[in-house]
Amino acid sequence: MNWGLIGASTIASQHMIGAIRAQAGNEVTAVLSSDDVRGKDYADRHGIAQAFTDLDAILSAPAIDAVYISTTNEKHHPQAMAAIAAGKHVMCEKPLAMSVSDAREMVSAADEAGLVFATNHHLRNAGAHLKIRELTDQGRVGEIQAVRVGHAVHLPPHLQGWRIDNPAAGGGVIPDIVVHDADTVRFQLQEDPESVVAIERSESLGQGVEDSVMSVWEMPSGVLVETHESFTIRHAGTSFEVHGTEGSIIATGVMTQQPVGRIILRRDGEDEGIPFSDHNLYVRSMGLFMDAVAGNGAPSATGTDGVKSLAVAMAVKEAATTGRRVAVDYGES
Ligand code: NDP
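Residues numbered from 1 in each chain as written. Predicted model: local features only at pLDDT ≥ 70, side-chain atom pairs only at ≥ 80, totals over all residues. Heavy atoms only, no water.

**Digging into helix α1 (residues 10-21)**
For step 1, the next point in the chain: The first and last C-alpha atoms of α1 sit 16 Å apart over 12 residues, in line with the 16 Å expected at 1.5 Å per residue.
For step 2, the next point in the chain: Contact partners of the buried residues in α1: β1 (2-6), β2 (27-32), α2 (36-46), β4 (66-69) and α9 (281-293).
For step 3, the next point in the chain: Near the N-terminus of α1, the side chain that reaches the backbone nitrogen of A12, with its oxygen 3.1 Å away, is that of S9. (Helix = DSSP H or I, 4+ residues; strand = E, 2+ residues; numbered from the N terminus. Expected span 1.5 Å × (residues − 1). Contact = heavy atoms within 4.5 Å. Polar contact = N/O pair within 3.5 Å; in protein donor to acceptor, adjacent residues only side chain to side chain.)

Below you can see the structure in the form of structure tokens.
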């Protein structure tokens, strides 16, 4: 397939161009940027044949079969709707949209058009998270009681743009990171958070948006989930812990784009180091997307997964803003 990049973004240059090119028979042939000079420079630097500044023009290019949308968050919905109307398969960045209803509209439109639509939630592709799921599926921790997610990092200077000062573009740590944690928790527990409480703040980086949040989610099974997301914490490292009646899984350094980290399984007072695959997260995600286009299976994170992760993030935002416990509204009729 030939791919068009909708957005001359950092994530595309650092991970997704390579992940697309790693799939046999796939090439990135065009890029859309709102700025002519930046788009041409981006195309030159990444060996992309064509640069466009007009959405309709890139979507009219007959050779393009699929698009990867990685613009700022408020643009995902209109760009995805246009791409679907033009008959393109879509890999879309998270959060899918600025509202759950817009996200649902994107997913429905792709379904009705018979197109593959996926959400780029990378963490469920990580060897570490696949291994944690395997351990819990095997009952190695017994009945799960609680999950703790540590995803508090220091946002690198080159990403300190719209994320920390532009609410209209979908800035803030809740749309940026809570969505990933929601997807990872849903993947691990195979159930959808029911209600949440949260406190947010803007500590130092955030201007008009939150840069830190802590929340607690209740799952339908009664499992409690505690999460901490931040752009301002330099030394914590990331973690994902699953605590059960027979043991605990303590995974460190695993809420990341790289195939790294460490998993400890603790049972009966003994710690066992658990090895896991170190494959590239984004290459796996794109591989499953290509399989889905070929009619084999579903993408790693579907459009519906993206709707649900957004719904959890919106509930966390509402809970943090109102100080109340909020039922997650998945927008299901
Ligand atoms: P960037 O800030 O790098 O890119 C977003 C947009 O900003 C681009 O579309 C581009 O506009 C514009 N832009 C880029 N560089 C410049 C510049 N030097 N000057 C002015 N404007 C510029 O964002 P990210 O790559 O960090 O994030 C993009 C999307 O991907 C977001 O939705 C984010 O949530 C998601 N993301 C997902 C990750 C994942 O692992 N799944 C990880 C990181 C981000 P134009 O296209 O018009 O040129």
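**Let's talk about the sheet that holds strand β13 (residues 262-267)**
For step 1, the next point in the chain: Across the sheet, which stays open at both edges, the nine strands sit in the order β14-β13-β12-β11-β7-β10-β9-β8-β15 with mixed pairing between neighbours. Taken across any chain shown, the strands that pair with only one partner, and hence form the sheet edges, are β14 (270-273) and β15 (326-327).
For step 2, the next point in the chain: In terms of strand pairing, strand β9 (residues 212-218) meets strand β10 (residues 224-230) through seven bridges, oriented antiparallel. Opposite E218, over in β10, you have L224 as the bridge partner.
For step 3, the next point in the chain: In the packing of helix α10 (residues 303-322) onto the sheet, contacts are made with β8 (195-201), β9 and β15, and the angle to β8 comes to roughly 60°. (Pairing = 2+ DSSP bridges. Axes fitted to C-alpha atoms, helices over the stretch in contact; angles between N-to-C directions.)

**A look at the environment of H89**
For step 1, the next point in the chain: Mapped onto the elements of the fold, H89 is located in strand β5 (residues 89-92).
For step 2, the next point in the chain: Owing to a relative accessible area of 14%, H89 belongs among the buried residues under this scheme.
For step 3, the next point in the chain: In sequence terms H89 and S215 are 126 residues apart; their C-alpha atoms lie 35 Å from each other.
For step 4, the next point in the chain: Not counting residues up to four positions away in its chain, the partners in contact with H89 are M1, D65, A66, V67, G114, L115, V116, F289 and V293. (Buried < 20%, exposed > 50% of the residue type's maximum accessible area, 1.4 Å probe, protein only.)

**Things to note about the site of the ligand**
For step 1, the next point in the chain: The full set close to the ligand counts 24 residues, and T10, S33, S34, N73 and Y282 are the nearest of them.
For step 2, the next point in the chain: Residue S33 places a side-chain N or O atom 2.5 Å away from an oxygen atom belonging to the ligand.
For step 3, the next point in the chain: A class-by-class count of the residues in the shell around the ligand yields six nonpolar, 13 polar and five charged.
For step 4, the next point in the chain: When residues of the shell around the ligand are sorted by domain, at least three fall in each of domain 1 (2-122) and domain 2 (123-282 + 310-327). (Near = heavy atom within 4 Å. Nonpolar A, V, L, I, M, F, W, Y, C, P; charged D, E, K, R; others polar. Domains from an automatic or database assignment.)

**Quick notes on a nonpolar patch on the surface**
For step 1, the next point in the chain: A surface patch of nonpolar side chains, about 210 Å² in accessible area, is lined by V197, V216 and L224.
For step 2, the next point in the chain: Position of V197 among the secondary structure elements: in strand β8.
For step 3, the next point in the chain: V197 gets classed as partly exposed once you look at its relative accessible area, which sits at 36%. (Patch = residues over 30% accessible without salt bridge, like charges linked within 9 Å, V, L, I, M, F, W, Y side chains within 5 Å. Areas by Shrake-Rupley, 256 points an atom, 1.4 Å probe, with all protein chains shown as cover. Salt bridge = Lys/Arg side-chain N within 4 Å of Asp/Glu carboxyl O.)

**With respect to the side chain of S9**
For step 1, the next point in the chain: Mapped onto the elements, S9 comes out in the loop between β1 and α1.
For step 2, the next point in the chain: Setting aside chain neighbours within four positions, we find S9 in contact with Y42 and S70.

**Some thoughts on the nonpolar core**
For step 1, the next point in the chain: Ranked by size, the top nonpolar core spans 72 residues in total, and within it F117, V185, W217, V225, F240 and V316 carry the most contacts.
For step 2, the next point in the chain: In this structure, this core is formed jointly by two domains, domain 1 (2-122) and domain 2 (123-282 + 310-327), each of which donates at least three residues.
For step 3, the next point in the chain: Those residues within four positions of V185 in sequence are excluded, and the remaining contacts are V147, V149, Q190, W217, M219, V225 and F240.
For step 4, the next point in the chain: Residues I20, Y42, Y68 and M286 belong to the second largest nonpolar core, which totals 25 residues. (Core = buried A, V, L, I, M, F, W, Y, C linked by side-chain atoms within 4.5 Å.)

**Observations regarding the side chain of H121**
For step 1, the next point in the chain: Relative to the elements of secondary structure, H121 occurs in the loop between β6 (117-119) and α6 (127-137).
For step 2, the next point in the chain: Since its relative accessible area comes to 1%, H121 is described here as buried.
For step 3, the next point in the chain: A polar side-chain atom of H121 sits 3.1 Å from a polar atom in the side chain of H180.
For step 4, the next point in the chain: Side chain to side chain, H121 and S309 meet in a polar contact 2.8 Å long.
For step 5, the next point in the chain: Discounting residues that sit within four places of it in the chain, H121 has contacts with K94, V179, H180, D183, A301, D305, G306 and S309.

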